[in-house]
Amino acid sequence: MIILGSVEQLYKTCGYLASFLGTLLEGEILLLTSVVSSKLGYFNFYGGLIAAFLGAFSRDSILFLITKKQGRKLLVKKPKLQKRLDDASGWYDKSPLIYLTSYRLMYGFSTVIIMLSALKENISYPKFAFHSAIGIGLWILVIGGLGYFYANIMIEKLNLLSDYCFINSWIGLLVFY
């Protein structure tokens, strides 16, 4: 079974570590890759979800703590970023705990919400960590659950895609040369 060769090999040899690092560095796509890999039997599904949770929580915590410590200095150097955060702060200030708990489910907004949270004086790390853990848990359940439910379809489509990639590579080589 071919699923993008090197990723498949990575999950076969380093399953939990790959799941942790994947969600530490990226997020949704690597969470889904972990779920599909566990469905293929490379590692335990629940262990993969725990590793993904820890990776996502680590990433968000690191970003929060760096922004808490260095965020104001960065904003002085980047006034355009300050303006964007000020604009976003209007909606964030209305319900900060709701955004803190659900930011992982708002694709594309997680970094902004984490930074906004860190720049607020009334959001401490323990408060952030508590709501972030709940949000990441919900994210794992929703995205991981849907991924597990649709994993067989994804596996089938990825295998079909890999066949087309192989054929297209040969056609490309013949046409190019």
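Residues numbered from 1 in each chain as written. Predicted model: local features only at pLDDT ≥ 70, side-chain atom pairs only at ≥ 80, totals over all residues. Heavy atoms only, no water.

Explain the packing of aromatic side chains here, please?
In this description, an aromatic ring pair is defined by two values, namely the gap between the centres and the angle between the planes. Within the structure shown, the criterion is met by eight aromatic pairs. Consider the rings of Phe45 and Tyr46, whose centres lie 5.2 Å apart with planes at 75 degrees: the pair is edge-to-face. Ring centres of Phe64 and Tyr125 lie 5.9 Å apart, and the angle between their planes is 45 degrees; this geometry places the pair in the tilted category. Remark: Tyr125 occurs in helix H7 (residues 125–149) and Phe64 occurs in helix H3 (residues 45–77); sequence separation between them is 61 residues. Look at Tyr125 and you get partly exposed, because its relative accessible area is 27%. Here a set of aromatic residues connected by ring pairs shows up, and it is made of Phe64, Tyr103, Tyr125 and Phe128. Above the plane of the ring of Tyr148 lies Lys39, whose end atom (NZ or CZ) is 3.9 Å from the centre. Lying over the aromatic face of Trp139, Arg104 brings its terminal NZ or CZ to 4.5 Å of the ring centre. (Phe/Tyr/Trp six-rings, centres within 6.5 Å; stacked < 30°, edge-to-face > 60°. Helix = DSSP H or I, 4+ residues; strand = E, 2+ residues; numbered from the N terminus. Buried < 20%, exposed > 50% of the residue type's maximum accessible area, 1.4 Å probe, protein only. Lys NZ or Arg CZ within 6 Å of the ring centre and 35° of its normal.)

It is not clear to me how the pattern of salt bridges should be interpreted in this structure. Could you clarify?
A side chain of one charge can pair with a side chain of the opposite charge when the charged atoms of the two come close. Applying the stated criterion across every chain yields a total of two salt bridges. Among the ionic pairs, Asp60 bridges to Arg104, the shortest N-O distance being 3.0 Å. In this pair, Asp60 sits in helix H3 while Arg104 sits in the loop between helix H5 (96–102) and helix H6 (110–119), placing the two residues 44 residues apart along the sequence. The exposure class of Asp60 is buried, given its relative accessible area of 0%. Looking at Arg104, the relative accessible area reads 5%, which means it is buried. Residues joined in a network through salt bridges with shared partners are Arg59, Asp60 and Arg104. (Salt bridge = Lys/Arg side-chain N within 4 Å of Asp/Glu carboxyl O.)

I tried to follow H3 on my own but got confused; where do I start?
One turn of the α-helix equals 3.6 residues, which is why residues spaced by three or four share an orientation. Across its 33 residues, H3 extends 44 Å between first and last C-alpha, which sits within 8% of the 48 Å expected from 1.5 Å per residue. Taking the largest bend as the criterion, H3 deviates by roughly 65 degrees, centred on Gln70. Near the N-terminus of H3, the side chain that reaches the backbone nitrogen of Tyr46, with its oxygen 2.8 Å away, is that of Asn44. (Expected span 1.5 Å × (residues − 1). Bend = angle between axes of the 7 residues up to and from the residue. Polar contact = N/O pair within 3.5 Å; in protein donor to acceptor, adjacent residues only side chain to side chain.)

When you look at the packing of helix H2 (residues 28–39) against H7 in this model, what are you seeing that I'm missing?
What describes two packed helices is the angle between their axes and the distance between those same axes. Where H2 meets H7, the axes come as close as 9 Å, and the angle between the chain directions of the two elements is 50 degrees. As far as their axial angle goes, H7 and H2 are oblique. With respect to the hand of their crossing, H2 and H7 are arranged in right-handed fashion. Together, Glu28, Leu31, Leu32, Val35 and Lys39 of H2 and Trp139, Ile140, Ile143, Gly144, Gly147 and Tyr148 of H7 make up the contact between the two elements. In the contact of H2 with H7, the residues fall into seven nonpolar, two polar and two charged. (Axes fitted to C-alpha atoms, helices over the stretch in contact; angles between N-to-C directions. Parallel < 35°, antiparallel > 145°, perpendicular 65-115°, else oblique. Left-handed = near helix turned anticlockwise from the far one by under 90°. Contact = heavy atoms within 4.5 Å. Nonpolar A, V, L, I, M, F, W, Y, C, P; charged D, E, K, R; others polar.)

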